[in-house]
Amino acid sequence: MRLPQPVNNTVPGPAMPFSPTTTLNMATLGKKLFILSVRMGRGLWHRGIVSSSNPVQSAVEPLEKLQESSSDAITEQMAKSLKYPDFFKVAELFTVEDLFNARVHLGHREGSLNDHMSQFIFGSRLSHLIFDLDQTATLLREALNFTAHIAFRGGIILFVGRIPQHQVMIENTAKECGEYAHTRYWQGGVLTNSTIQFGSVIRLPDLIIFLHTMNNVIYEHTAIRDAAKMLIPTVGIVDTNCNPNLITYPVPGNDDSAASISLFCNLFKAAILRGKEKRKELLGVH
Amino acid sequence: MKAYQEKAQALDALMFEKTTEYEIGRRHLANMMGEDPETFTDEDIDTAIEYLFPSGLFEPRARPLMKHPTEVFARKKVAEFDETGRPFHVLFYTGLPNYYQVLHDLSEKVRELDSFSDRMMQYNIHKDPERTLNVGGTEWVKKEQLEDILLEKLKDKQYEFFVRSMNRLLDHPFSYRVEEFIMKFRKHVQISVIHKEIPKLMFTAEGTPYMAAVGRRKTSTASVTVYGRGSGKISINGEDLLYFKYIQDREQVLFPLQFSGLLGKVDVVADVDGGGFSGQSGAIRYAISMAVRSFVDEQMMEKMRLAGLLTRDPRRHERKKPGWKGARAKYTWKKR
């Protein structure tokens, strides 16, 4: 299927399409769908990397297995992992083509556009908004990287989403990566009044991933505000009608198609599992 | 966190202690009663306590009892998170993990059945009436019972949603494939109707089957004998059906025979006394219905019961009250 030429063409990047440092932008995607081979090692040459502003480091120092589990050594290793821009190589988990095929670029109509989202819009076609997948890919990589780091440090990750069609999918995703899900009616005090809500002192989530930032109706999910209050970082898939303000790592994209939600679920699951694998390597237990 | 862990451990220790005490008590009781300690069951314990501690108290729950600690102490949830604070259950943060887990399983099962029915449609196999799940004599667990199963307090709306969702699963044409899951939440109902002993048919010297019955209505009493292998003769106090002047009373007498289809097949001999024509006809009707039960099968008897033929009409004459015009009617009320 050929993407028609967008009306407001705000195409960035160089004019030469075949130089090695080309960004695979929306215009070229519109003209023909082909995959560029980019300068990469380790069998990544089939993937097209969208933005060259964050080059992926191919060589990663393997984590040293510890003879004795001293907490100082562990924290040292964990601090070391922060020096790399993409320690878990989350960039190889997806391509812009994958996003396109999962229909992540499809937004709602122009009338429901939230003003804060206009920066992420590529254009519109017959008054249907189209996301700029370049930006989406960049932000998604950041979000996946952050998620993987949280999982690496043994953090509790909570998947939240309130659309009934995707409830089961989200809960299964959480189960498969050993994390937690909350796709049901949100009781007010879950984060802000947890001791009384749960009857005892509990550990709150260290990261909340929103597959849907809106409730069933037109309201924002309460957890966005509550997480901000409790200083819990959030990752969220924001559609054209959503407000990305309070979300730490917004990922602009379509949150209404099963295909796009399925893709996002799989990506987050993969990132978490990578983080946990590295953690297992480091601790040498389990 | 630590306090929570300590509480959970304390509970476990308590249960263990109480259970050992219970077992020791069981052996003591067995020795006291002169029974074998190895094979002394819980029911034996109950009888032993009743014997050794006779109580004149009316309320059964106030009498002395010795039950297993799991029955005495309310079941509580086990520890919900480990020492690092990570919860065990995926849906812990919802507040009702067990309840929402059931709903999750339910959704998965509906999907499974839908995909199965899609596959079956390809081979043109539709709902098999023989393999349909039979839930006769069962009903969904009540809210309190569901709370006991899940160990979580539920709101009414949540219970209603649960029942609606389970009904949706039950109504699926292939629901027999998930029978085990459904039956977990269905309990058997006691049949409220107590089936009385229907007296067997008696036989005369000639061999005709007959049944006698007594019926009452208002202040009338009727004793009726219904003879099988008859031709539809009716005799009331020696007279014909025309004993009753009014058609309604005659219809009342004939109704049980017409309903059960025995109108021209049995003879009826009735003796009636007391009351007026309405009461007498009602008494005869009830008596005939009770007698006809022995001639008729269970299905017809159930139909008769539903028609109201087997119910003794308890209405009696209500007295007039002073200051009132009649039993209920009052004199005209004047505002001023």
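Looking up chain B in an unreviewed UniProt entry gives the name Small ribosomal subunit protein uS9m, with the organism given as Cherax quadricarinatus. As recorded by UniProt, the Sequence similarities (unreviewed entry) comment attached to chain B reads in full: "Belongs to the universal ribosomal protein uS9 family." UniProt lists a comment for chain B under the heading Subcellular location (unreviewed entry), and it reads "Mitochondrion".

A. Looking closely at the overall build of chain A. Helix and strand content of chain A: eight helices and eight strands. Burial statistics for chain A: of 286 residues in total, 53% are counted as buried. A total accessible area of about 13,600 Å² is found for chain A, and carbon and sulfur atoms account for 54% of it.

B. View of the overall build of chain B. Of regular secondary structure, chain B possesses ten helices and seven strands. Considering only contacts in chain B between residues 6 or more positions apart, those separated by 24 or more positions represent 62%. Accessible surface, chain B as shown: approximately 22,500 Å² in total, 54% of it carbon and sulfur.

C. Highlighting the interface of chain B and chain A. Counting residues at the interface gives 21 residues for chain B and 27 residues for chain A. Interface area for chain B against chain A, summed over the two sides, is near 2,100 Å², with a carbon-plus-sulfur share of 55%. Ranking the residues of chain B by area buried against chain A places Arg86, Val90 and Tyr93 of chain B at the top, with a combined share of 37%. At the surface where chain B touches chain A, the tally comes to one salt bridge. When the shortest N-O distance is used, the salt bridge between Arg86 of chain B and Glu179 of chain A registers 3.0 Å. Applying the counting rule to chain B against chain A returns twelve residue pairs in polar contact (both at pLDDT 80 or more). Here the side of chain B that touches chain A takes seven residues from helix α4 (residues 97-122) of chain B, the largest share from any one element. The residue makeup of the side of chain B that touches chain A, split by class, is ten nonpolar, eight polar and three charged.

D. The arrangement of the sheet that holds strand β5 (residues 180-182) of chain A in detail. Residue and element names in this part refer to chain A. The five strands are arranged β5-β4-β6-β7-β8 in an open sheet whose pairing can be described as parallel. The open sheet terminates on both sides in strands that have one partner only, identified here as β5 and β8 (249-252). Going across the sheet, the axis of each strand differs from the next one's by a mean of 20°, ignoring polarity. The pairing of strand β7 (residues 234-238) with β8 spans four bridges and is classified as parallel. Among the inter-strand pairings, Gly236 is bridged to a residue of β8, identified as Pro250. Those strands touched by helix α4 (residues 133-152) are β4 (157-160), β6 (207-210), β7 and β8, and its axis lies near 140° from that of β8.

E. Fine view of the pairing of strand β7 (residues 267-273) of chain B. Residues and elements named next belong to chain B. Where strand β5 (residues 220-227) lies against β7, seven bridges are found, and the strand directions are antiparallel. Of the residues in β7, the one forming a bridge with Ala222 is Val272. Here strand β6 (residues 234-236) pairs with β7 via three bridges, running parallel. Counted as the bridge partner of Ile236 is Ala270 from β7. Each parallel crossover has a hand, and the one from β6 via helix α8 (residues 247-260) to β7 is left-handed.

F. Representation of the nonpolar core. Core analysis: the largest hydrophobic core is formed by 75 residues, its most contacted members being Leu140, Leu144, Phe159, Leu211 and Phe268 of chain A together with Phe162 and Phe185 of chain B. At ten residues, α4 of chain A tops the list of elements feeding residues into this core. Residues within four places of Leu211 of chain A in sequence aside, it is in contact with Phe159, Val160, Ile170, Ile237, Asp255, Ile261, Phe264 and Cys265 of chain A.

G. View of a nonpolar patch on the surface. A grouping of Leu14, Leu65, Val72 and Phe73 of chain B is seen on the molecular surface, where their side chains present a nonpolar patch of about 330 Å² in accessible area. As for its position among the elements, Val72 of chain B is in helix α3 (residues 69-72).

H. A look at the pattern of salt bridges. All names here are of chain B. On inspection of all chains with the given rule, the structure shows 22 salt bridges over all chains. One salt bridge in this structure joins Glu139 and Lys142, with 3.1 Å as the shortest N-O distance. A relative accessible area of 28% places Glu139 in the partly exposed class. A salt bridge links Asp156 to Lys143; the shortest N-O distance between them is 3.3 Å. Of the two residues, Asp156 is situated in helix α6 (residues 156-170) and Lys143 in helix α5 (residues 143-150); the sequence distance between them amounts to 13 residues. A relative accessible area of 48% places Asp156 in the partly exposed class.

I. Representation of helix α2 (residues 71-81) of chain A within the structure. Residues and elements named next belong to chain A. When we look at burial in α2, the residues that qualify are Ala73, Ile74, Gln77, Met78 and Ser81. Taken down its axis, α2 places every buried residue within 135° of arc, on the same side. In α2, the exposed residues that point more than 90 degrees away from the buried face are Asp72 and Glu76. Packing partners of the buried residues in α2 comprise α4 and α8 (258-283).

J. Representation of the packing of α8 of chain B against helix α9 (residues 277-292) of chain B. Residues and elements named next belong to chain B. Between α8 and α9, the least distance of the axes is 8 Å, while the angle of their chain directions is 15°. With respect to their mutual orientation, α8 and α9 come out roughly parallel. The two elements α8 and α9 meet at a crossing, and its hand is right-handed. Contacts between α8 and α9 pair Asp249, Gln252, Val253, Phe255, Pro256, Leu257 and Ser260 from the former with Phe277, Ser278, Ser281, Ile284, Arg285, Ile288, Ser289 and Val292 from the latter. Across the contact of α8 with α9, the residue classes tally to eight nonpolar, five polar and two charged.

K. Seen up close, the confidence of the model for chain A. Residue and element names in this part refer to chain A. Taken over all residues, the pLDDT of chain A has a mean of 82, while the share at 70 or more is 75%. This model gives residues 1-24 a pLDDT under 50, and the stretch forms 31 contacts once residues within four places in sequence are excluded. Here residues 28-61 is a poorly scored stretch, pLDDT under 50, and it has 54 contacts once near neighbours within four places are set aside; other chains count.

L. Broad picture of the environment of Lys2 of chain B. For Lys2 of chain B, the location among the structural elements is in helix α1 (residues 2-33). As a C-alpha pair, Lys2 of chain B and Glu83 of chain B span 81 residues in sequence and 7.8 Å in three-dimensional space.

M. Geometry of the environment of Asp44 of chain B. Residue and element names in this part refer to chain B. For Asp44, the location among the structural elements is in helix α2 (residues 42-52). Residue Asp44 is classed as partly exposed on the basis of its relative accessible area of 29%. Counting along the chain gives 18 residues from Asp44 to Arg26, while the straight-line C-alpha distance between them is 9.3 Å.

N. Unusual backbone geometry, seen in detail. In the Ramachandran plot, Ser127 of chain A falls in the positive-phi region, its phi being about 65° despite a non-glycine side chain. The backbone of Asn237 of chain B shows a phi angle near 50°, a positive value even though the residue is not glycine. For Asn237 of chain B, the position within the fold is in the loop between β6 and α8.

Calculation notes
Residues numbered from 1 in each chain as written. Chains lettered and ligands numbered in written order. Predicted model: local features only at pLDDT ≥ 70, side-chain atom pairs only at ≥ 80, totals over all residues. Heavy atoms only, no water. UniProt positions renumbered as here; feature names shortened; annotations may be inferred. Helix = DSSP H or I, 4+ residues; strand = E, 2+ residues; numbered from the N terminus. Buried < 20%, exposed > 50% of the residue type's maximum accessible area, 1.4 Å probe, protein only. Areas by Shrake-Rupley, 256 points an atom, 1.4 Å probe, with all protein chains shown as cover. Contact = heavy atoms within 4.5 Å. Buried area = accessible area lost by both parts, 1.4 Å probe. Salt bridge = Lys/Arg side-chain N within 4 Å of Asp/Glu carboxyl O. Polar contact = N/O pair within 3.5 Å; in protein donor to acceptor, adjacent residues only side chain to side chain. Nonpolar A, V, L, I, M, F, W, Y, C, P; charged D, E, K, R; others polar. Pairing = 2+ DSSP bridges. Axes fitted to C-alpha atoms, helices over the stretch in contact; angles between N-to-C directions. Right-handed = clockwise from strand over helix to strand, strands pointing away. Core = buried A, V, L, I, M, F, W, Y, C linked by side-chain atoms within 4.5 Å. Patch = residues over 30% accessible without salt bridge, like charges linked within 9 Å, V, L, I, M, F, W, Y side chains within 5 Å. Arc of directions from axis to C-beta. Parallel < 35°, antiparallel > 145°, perpendicular 65-115°, else oblique. Left-handed = near helix turned anticlockwise from the far one by under 90°. pLDDT = per-residue confidence, 0-100.

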